[in-house]
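Chain by chain, the residues run as shown.
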Amino acid sequence: MKKIILFLISIIFITGCSKTNYDITTITHQVNNCNVAITYPETNINELDNSINNYINSKYEEINNTTIELNIDYTFNIVFDRYINISLISYINNIKDINKDIITYIYDTKDKKLLTINNIVSQNSIETIKREVQKETTNLNINIDNFEKLIFDENYIYIYLNNDNDIIKIDIPIHDTEFLLDTNFSYKLNNSNTYQNINSKIINPYEKVVAFTFDDGPSKYTEAIVDLLEDNDANGTFFVLGNKVKYYSDIINKSISNGNEIGNHSYNHKSLNNLSKEDFLYQINTTQDIIYEISGYTPKYLRPTYGNTNSKLKQYTSLEIVLWNVDPEDWKYKNSKTIAKRVLDKVKDESVVLMHDTKERTVNALKIIIPELKSQGYQFVTISQLKEIQEIREKIGYYK
Ligand code: ZN
């Protein structure tokens, strides 16, 4: 039986920067027994939307009778309140081979034009980037005469290169380049998304910070943690499981609007490094999609299940992998005082603490930990904020 499922999800969200509304559209259906799932931004900017549509159409044309899956995913980011950065990542499974491809767009909403690398960094920096890329791709047969595929955010330029049927991503710190664009960089810390007013706490980058992370939720204990954080002017990062998200959509939205960050912890907690690429992408993208559907929020970070990671996993996802350096093992120790002590003994400036918002004892431990660290002058930040602070500290030579 030929089954055709077609549905469109359009969520209008308000960007932090302009009157224009952007939509993210997801199309899933079957074309000649090929599973198609495409998610892409609609920007209401003709030049950009037409380019995106052309790319999508060109991928439909690549479907042949051996193709079992076409998946196009996207990234969308407005940087420095001015530059729209979009990437479309396509995945075509022809049973015998899998083709991955990426296309990127950088659009300047002020000058109303698409930008290339020549608009973004000086000629000098292009040569520097070339050397950097050469270093990282020595054994690969890659043509690096030009960099057509790139996007950037507040901290990095991301260069994408095709290698056989796969994509290689190289991160170049912006402050290592002569960056030509208007950064208008403000020291007010951004949260990971700019689409809504986020109740960000005011953070001093030169005072102690700690990033609390909570895995395996949401659960019935999540809200207590969200409230505890809010009562203490604190934020944290919740690495959620996709298969539970929709049942706790209210608490996730509350968490986001309090300024917390949501990360991806897979769909159903399979060990990610044992999975095929396809299964891995399913775990990740499904979770991203569900979070986006219920909240309009796109996580930037992946906390791999069991902390297991490998180089393949890193290539498969554009999400940045975030591990931890303080682990009280709250799944093992049953006593909240013990858990609290295990955190307080180890924590220091810039620590990333692993906890689980699935147990009452963790909530009780946090009731001890958070006020104590607050009295020691700690500020409680999200992963995005921690990274931003580390960038700032790096730039001003804070560590010297
Ligand atoms: Zn976990």
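One can find the structure itself at the top, above this paragraph.
What to know about empty space enclosed by the protein
Using the criterion set out here, one finds one cavity of 30 Å³ or more in the structure. As a volume, the largest cavity reaches approximately 40 Å³. Looking at the lining of the largest cavity element by element, the count peaks at three residues for helix H6 (residues 249-257). For the lining of the largest cavity, a count of residues per class yields seven nonpolar, two polar and no charged.

With respect to the nonpolar core
Counting residues in each nonpolar core, the largest one holds 33 residues, and the members touching the most others are Phe212 and Met355. Contributing elements (two or more residues each) for this core: strand S11 (209-217), helix H4 (222-231), strand S12 (237-240), H6, helix H7 (277-295), helix H9 (336-346), strand S16 (351-356) and helix H10 (360-375). Ranked by residue count, the leading element in this core is H10, at six residues. Excluding its chain neighbours within four sequence positions, the residues that come into contact with Met355 are Phe212, Thr213, Phe214, Asp215, Pro328, Asp330, Ile339, Val343, Thr362, Ala365, Leu366 and Ile369. With 31 residues, the next largest nonpolar core counts Ile89, Leu115, Ile142 and Ile170 among its residues.

Focus on the side chain of His265
Positionally, His265 belongs in the loop between strand S13 (261-264) and H7. In contact with His265, other than residues within four places in its own chain, are Asp215, Asp216, Phe239, Val240, Leu241, Arg303, Pro304 and Thr305.

Considering a nonpolar patch on the surface
On the surface, Tyr206, Ile396, Tyr398 and Tyr399 cluster together into a nonpolar patch covering about 380 Å² of accessible area. Locating Tyr399 in the fold gives a position in the segment after helix H11 (383-395). Residue classification places Tyr399 among the partly exposed residues on the basis of a relative accessible area of 41%.

Calculation rules
- Residues numbered from 1 in each chain as written.
- Predicted model: local features only at pLDDT ≥ 70, side-chain atom pairs only at ≥ 80, totals over all residues.
- Heavy atoms only, no water.
- 1 Å grid on protein atoms, 1.4 Å probe; cavity = no way out; pocket = protein on both sides within 12 Å on 5 of 7 lines; lining within 4 Å.
- Points joined across faces, edges and corners; volume = space filled by probe spheres on them.
- Helix = DSSP H or I, 4+ residues; strand = E, 2+ residues; numbered from the N terminus.
- Nonpolar A, V, L, I, M, F, W, Y, C, P; charged D, E, K, R; others polar.
- Core = buried A, V, L, I, M, F, W, Y, C linked by side-chain atoms within 4.5 Å.
- Buried < 20%, exposed > 50% of the residue type's maximum accessible area, 1.4 Å probe, protein only.
- Contact = heavy atoms within 4.5 Å.
- Patch = residues over 30% accessible without salt bridge, like charges linked within 9 Å, V, L, I, M, F, W, Y side chains within 5 Å.
- Areas by Shrake-Rupley, 256 points an atom, 1.4 Å probe, with all protein chains shown as cover.
- Salt bridge = Lys/Arg side-chain N within 4 Å of Asp/Glu carboxyl O.

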